[in-house]
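# Coordinate inspection notes
These are the residues of each chain, in order.
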Amino acid sequence: MAATTPTAELSLCMSSRISVLPPSDYLLSRDVCSYGYFLLAPNRWDVHRECLGRAFLLSDGPVYAEIEQPNGQGGALRIVLSRALSSNERRDFVTQVTRMLRLDEDSAHIAAFHAVDPRWQKLGRGRLYRSPTLFEDVLKTVTSCNVQWPGTISMNRRLCEVLGEHVELGWDGSRVVLGGGGRRSRRPTDARVRLYAFPSPEKIARTRPATLRARCRTGYRDQRIVELARLFATSPSRGGVDQAWMEDPNTPDEDLHEALLELPGVGPYAAANIMQLLGRYARLPLDTESVRHGRSLLGYKGTSAQVMKKVKAHYAPFGEHAFRSYWFEMWEFYESKHGPAHTWDRDTTGAMFTAALLSK
DNA sequence: GGTAGACCTGGACGC
DNA sequence: GCGTCCAGGTCTACC
């Protein structure tokens, strides 16, 4: 299990700039572009600058942030914000960034994975990108069920645009213009761009399912998404989701798995995926991609159910690290098809992941 | 406990 | 341009 105490050191350079020192083995382009959620709204990976931009929801409203690792080979992360933060907001922001980038997963934990599966040591693979909040991770997982990847992209974009709060900033034609000590445009224009945050549980809880269906194209998931949001917007003492308990490394895997299966829209696949997003890597979220991988790369034959069983058995020897061994094999396959993940553009390469294309 | 069918959307395909 | 088919995981009813 990963430690939950953030190890990133924080220092403030200016009101709208933050410098974060990640673990020594952290590489932004590799560790952000390690899981498909980096391609989903509100995330914006800039392939040219190798920079992650997105809006975060904080107590005084949304803030847009761009995260870079200036020398590209490790070292401190430089974060430029669209506005100054209060001290409370700053704490919340660093907590969200730490979760999103898994900065609390220290080098020793990555080394333990490499000891079990040395194939990934040379590349340093170990961390998997996730969302700033558990709620966003759960919704991203639910919107990835029973739909192909372009549908997941569309649902997340619409959820942000229809229900997310936004920041309006300058746009110089190719990138966001951040003021207040940030980078300035060389071609000042009046162009503006709206950058949306992922909607809060409270906002979705107040939304009619019909609105989700009609405007966010969530289909039959509408009611389940609203119910999920209500559970996340309600305190544990009143029957809501106990997020602290779910994030606690001391919570037994079995108890957590059972609790996740109780959530609307969460079945065996989604529960296992949320488990890995919570840093529990023993279970595999088995889906049609697992079957494709089992057949095409591992050479298994039989029905889908039979292949899934074989895939599960194949990775069982990796024990509590099974998911990462499985996932990095899949990721390597995707990169063999489309090039390094840090070169995938959200709207072009990143939208191409469909079972039909991958099986070719 | 296992299985079948409904649930929606969007892309692919044929006409 | 239109209609049809198909892929995708969860949920419910049924055996």
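### Considerations on the overall build of chain A
Regarding its fold elements, chain A presents 15 helices and 9 strands. For chain A, the spread of C-alpha atoms along the principal axes amounts to about 60 × 50 × 40 Å. Burial statistics for chain A: of 360 residues in total, 52% are counted as buried. Intrachain contacts of chain A at a sequence separation of at least 6 include 65% that bridge at least 24 residues. Considering chain A, the positive charge centre built from 48 side chains and the negative charge centre built from 40 side chains are found 6 Å apart.

### Let's talk about the packing of helix α10 (residues 253-261) against helix α11 (residues 268-277)
The angle between the axes and the distance between the axes are what describe a pair of packed helices. One way to put it is that α10 packs onto α11 with a least axis distance of 9 Å and a crossing angle of 130 degrees. As judged from the angle between their axes, α10 and α11 are oblique. The two elements α10 and α11 meet at a crossing, and its hand is right-handed. On α11, the residues that touch D253, L256, H257, L260 and L261 of α10 are P268, A271, I274 and M275. Grouping the constituent residues of the contact of α10 with α11 by class yields 7 nonpolar, 1 polar and 1 charged.

### Structural notes on the side chain of T152
Here T152 lies in helix α5 (residues 149-163). Setting aside residues no more than four positions away along its own chain, T152 makes contact with L40, K140, T143, S144 and V147.

### Focus on the nonpolar core
Grouped together as the largest cluster of nonpolar side chains are 54 residues, with contacts concentrated most on V32, F38, I79, F93, L101, Y129 and W327. Here this core gets 9 residues from one element, more than from any other, and that element is helix α14 (residues 322-338). Contacts of Y129, omitting those with residues within four sequence positions, involve D31, V32, S34, Y35, Y37, F38, N43, L52, R54, M100, L101 and L277. Core analysis: the next-biggest nonpolar cluster, separate from the first, contains 31 residues, L159, L212, M246 and V266 among them.

### A closer look at the pattern of salt bridges
Considering all chains together, one arrives at 24 salt bridges under this definition. Taking the shortest distance from any N to any O, the salt bridge between D222 and R213 comes out at 2.9 Å. The shortest N-O distance in the salt bridge between R292 and E289 comes to 3.0 Å. With R292 and E289 both in helix α12 (residues 288-296), this residue pair falls 3 residues apart, about one helical turn. The same class applies to R292 and to E289, which are both buried. Shared partners join several salt bridges into a network, and the residues in it are D46, R49, E66, E68 and R78.

### A short note on the confidence of the model for chain A
Across chain A, the average pLDDT comes to 90, with 90% of residues at 70 or higher. A low-confidence stretch, residues 180-186 (pLDDT under 50), is modelled with 16 contacts involving residues beyond four sequence positions or located in other chains.

### Considerations on the sheet that holds strand β8 (residues 176-177)
If you trace the 3 strands from one edge of the open sheet to the other, you get β8-β7-β9, paired in antiparallel fashion. Here the strands that pair on one side only, and so sit at the sheet edges, are β8 and β9 (192-196).

### Some thoughts on the side chain of R49
Locating R49 in the fold gives a position in the loop between β3 (44-46) and β4 (51-58). Looking at R49, its side chain comes within polar contact range of the side chain of E66, at 3.0 Å.

### Examining the packing of aromatic side chains
Counting across every chain of the model gives 16 aromatic pairs. Ring centres of Y315 and Y326 lie 5.5 Å apart, and the angle between their planes is 80 degrees; on these two criteria the pair is classed as edge-to-face. A residue pair is termed long-range when its members are at least 10 positions apart, and Y315 in helix α13 (residues 304-315) and Y326 in helix α14 qualify at 11 residues. Comparing Y315 with Y326 shows no difference in burial state: the two are buried. Aromatic pair F323 and W327: ring centres 5.9 Å apart, planes at 15 degrees, arrangement stacked. Taken as a pair, F323 and W327 lie in helix α14 at a separation of 4 residues, close to a single helical turn. The two residues F323 and W327 agree in class, both being buried. By way of ring pairs, the aromatic residues Y35, Y37, Y315, F318, F323, Y326, W327, W331, F333, Y334 and W344 are connected into one cluster. For the cation-ring pair, R54 lies above F56, with the distance from its terminal atom to the ring centre recorded as 5.2 Å. The positively charged end of R324 is found above the aromatic ring belonging to F113, 4.8 Å away from the centroid.

Calculation criteria
- Residues numbered from 1 in each chain as written.
- Chains lettered and ligands numbered in written order.
- Predicted model: local features only at pLDDT ≥ 70, side-chain atom pairs only at ≥ 80, totals over all residues.
- Heavy atoms only, no water.
- Helix = DSSP H or I, 4+ residues; strand = E, 2+ residues; numbered from the N terminus.
- Buried < 20%, exposed > 50% of the residue type's maximum accessible area, 1.4 Å probe, protein only.
- Contact = heavy atoms within 4.5 Å.
- Lys, Arg positive; Asp, Glu negative; His and termini not counted.
- Charge placed at Lys NZ, Arg CZ, Asp CG, Glu CD.
- Axes fitted to C-alpha atoms, helices over the stretch in contact; angles between N-to-C directions.
- Parallel < 35°, antiparallel > 145°, perpendicular 65-115°, else oblique.
- Left-handed = near helix turned anticlockwise from the far one by under 90°.
- Nonpolar A, V, L, I, M, F, W, Y, C, P; charged D, E, K, R; others polar.
- Core = buried A, V, L, I, M, F, W, Y, C linked by side-chain atoms within 4.5 Å.
- Salt bridge = Lys/Arg side-chain N within 4 Å of Asp/Glu carboxyl O.
- pLDDT = per-residue confidence, 0-100.
- Pairing = 2+ DSSP bridges.
- Polar contact = N/O pair within 3.5 Å; in protein donor to acceptor, adjacent residues only side chain to side chain.
- Phe/Tyr/Trp six-rings, centres within 6.5 Å; stacked < 30°, edge-to-face > 60°.
- Lys NZ or Arg CZ within 6 Å of the ring centre and 35° of its normal.

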